[in-house]
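Structural characterization, general
Each chain is listed here by its residues.
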Amino acid sequence: MADNRPIGVFDSGIGGLTVLREIIARLPSESTVYFGDDGRAPYGSKSHDTIIRYSLQDMAFLEGKDVKMIVVACNTASTHAYKALKERSKVPVVEVVYPGARAAVEKTRSGRIGIIATNATVSSGLYETAVREQAQILLNEGRNTEALDKLSIIQQACPLFVSLAEEGWWDDEVATLAAERYLTPLKEFGVDTLVLACTHYPLLAGTISKVMGPDVTLINSGVSVASVVERKLRENDLLSDGMNVFREFYTSDDASKFESVASPFLGSGLPSGTKKVTVDHFEVGV
Ligand code: DGL
């Protein structure tokens, strides 16, 4: 039987829309509810406990919308809070780290992989571990061995990218200056594959690509996450029949700012009807 409940997607702000866009493109018959916690962003500078509490509150809000799946469209929340979210959720939870790590080890030809992310993601070390684990899986299967035998990883936190993305300054000279400063060490390291391990960063992909040059492949995990969402819906018999599809948007900050910054990216008149909500009243026991 079809399940027409929506998929719930959350992020600290507008970054998760880079994942939502891929979910809509791949699964247009699924309804979606998006929550961006712009009022409390950035998560990337917060402590482990705070990231867990905020993430559980975000999930509690989405659960109130009767969602059939939770997509943690935030690498910072995925690295710090996935375990807690999964333990407490009654519906399947999809995170964004493993799909991105997998795409990176499949794409690299030189084995030199760069990971750019928030401070909290970089310091957790979890993304690098995920890339190494996925590389080992491919090596065991005898795939991409020439590159992965000499796997070498460099990480860089780019915290200003989140503010630039939230401000809508994606392609201007301020973004270029910040990108040159953050990315020069990765260019010197000779990465051939760069993981955008923060869902805000694909919004700056044009600038990042200009600085890194045409030979560097950028990994936007959104595409891989959407395929995981489809697989999990299928496995759990949760696919909708496409009747009465709707898209809802919520933010914890100013709704019109959210819409004006996000609409050039999302297109098709979205986001629309965004409502401002607060989620800090949810008691999550952390
Ligand atoms: N978009 C988020 C991520 O993927 C977090 C950005 C932030 O709030 O610092 O990590």
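Let me begin by describing the structure that accompanies this report. No experiment lies behind these values; they were computed from the predicted model shown.

Conventions we followed
- Residues numbered from 1 in each chain as written.
- Predicted model: local features only at pLDDT ≥ 70, side-chain atom pairs only at ≥ 80, totals over all residues.
- Heavy atoms only, no water.
- Helix = DSSP H or I, 4+ residues; strand = E, 2+ residues; numbered from the N terminus.
- Rg over C-alpha atoms; globule rule 2.2 N^0.38 Å.
- Contact = heavy atoms within 4.5 Å.
- Areas by Shrake-Rupley, 256 points an atom, 1.4 Å probe, with all protein chains shown as cover.
- Lys, Arg positive; Asp, Glu negative; His and termini not counted.
- Charge placed at Lys NZ, Arg CZ, Asp CG, Glu CD.
- Disulfide = S-S within 2.5 Å.
- Polar contact = N/O pair within 3.5 Å; in protein donor to acceptor, adjacent residues only side chain to side chain.
- Near = heavy atom within 4 Å.
- 1 Å grid on protein atoms, 1.4 Å probe; cavity = no way out; pocket = protein on both sides within 12 Å on 5 of 7 lines; lining within 4 Å.
- Sits in = over half its atoms within 2 Å of the grid points.
- Nonpolar A, V, L, I, M, F, W, Y, C, P; charged D, E, K, R; others polar.

1. Side note on the overall build of the protein
Of regular secondary structure, the protein possesses 12 helices and 10 strands. Since a compact globule built from 286 residues should have a radius of gyration of about 19 Å, the 18 Å found for the protein is in line with a globular shape. Here the C-alpha coordinates of the protein stretch approximately 50 × 45 × 40 Å along the principal axes. Intrachain contacts of the protein at a sequence separation of at least 6 include 79% that bridge at least 24 residues. In the form shown here, the protein has an accessible surface area of approximately 12,000 Å², with 49% of it arising from carbon and sulfur atoms. Separation of charge centres in the protein, based on 29 positive and 37 negative side chains, amounts to 3 Å.

2. Some words on the state of the cysteines
The final tally for this structure, using the stated rule, is 0 disulfides. Lacking any disulfide linkage, C198 is separated from the closest cysteine sulfur, that of C74, by 6.8 Å.

3. A look at the side chain of T193
Note that T193 resides in strand β7 (residues 193–196). Within the structure, T193 has its side chain in polar contact with the side chain of D192 (distance 2.8 Å). Residue contacts for T193: discarding those within four places in its chain leaves A104, K107, T108, R112, I113, G114, V216, T217 and I219.

4. A word on the site of the ligand
The environment of the ligand is formed by 13 residues, the closest being S12, Y43, N75, T76 and H200. Contact distances for the ligand include 3.0 Å between a nitrogen atom and a side-chain N or O atom of D11. In the environment of the ligand, an oxygen atom lies 2.8 Å from a nitrogen or oxygen atom belonging to the backbone of T199. Relative to its free-state accessible area of 300 Å², the ligand is covered by the protein chains to the extent of 100%. At a threshold of 2 Å from the grid points, most atoms of the ligand map onto the largest cavity. Of the residues contributing to the shell around the ligand, the split by class is 5 nonpolar, 7 polar and 1 charged.

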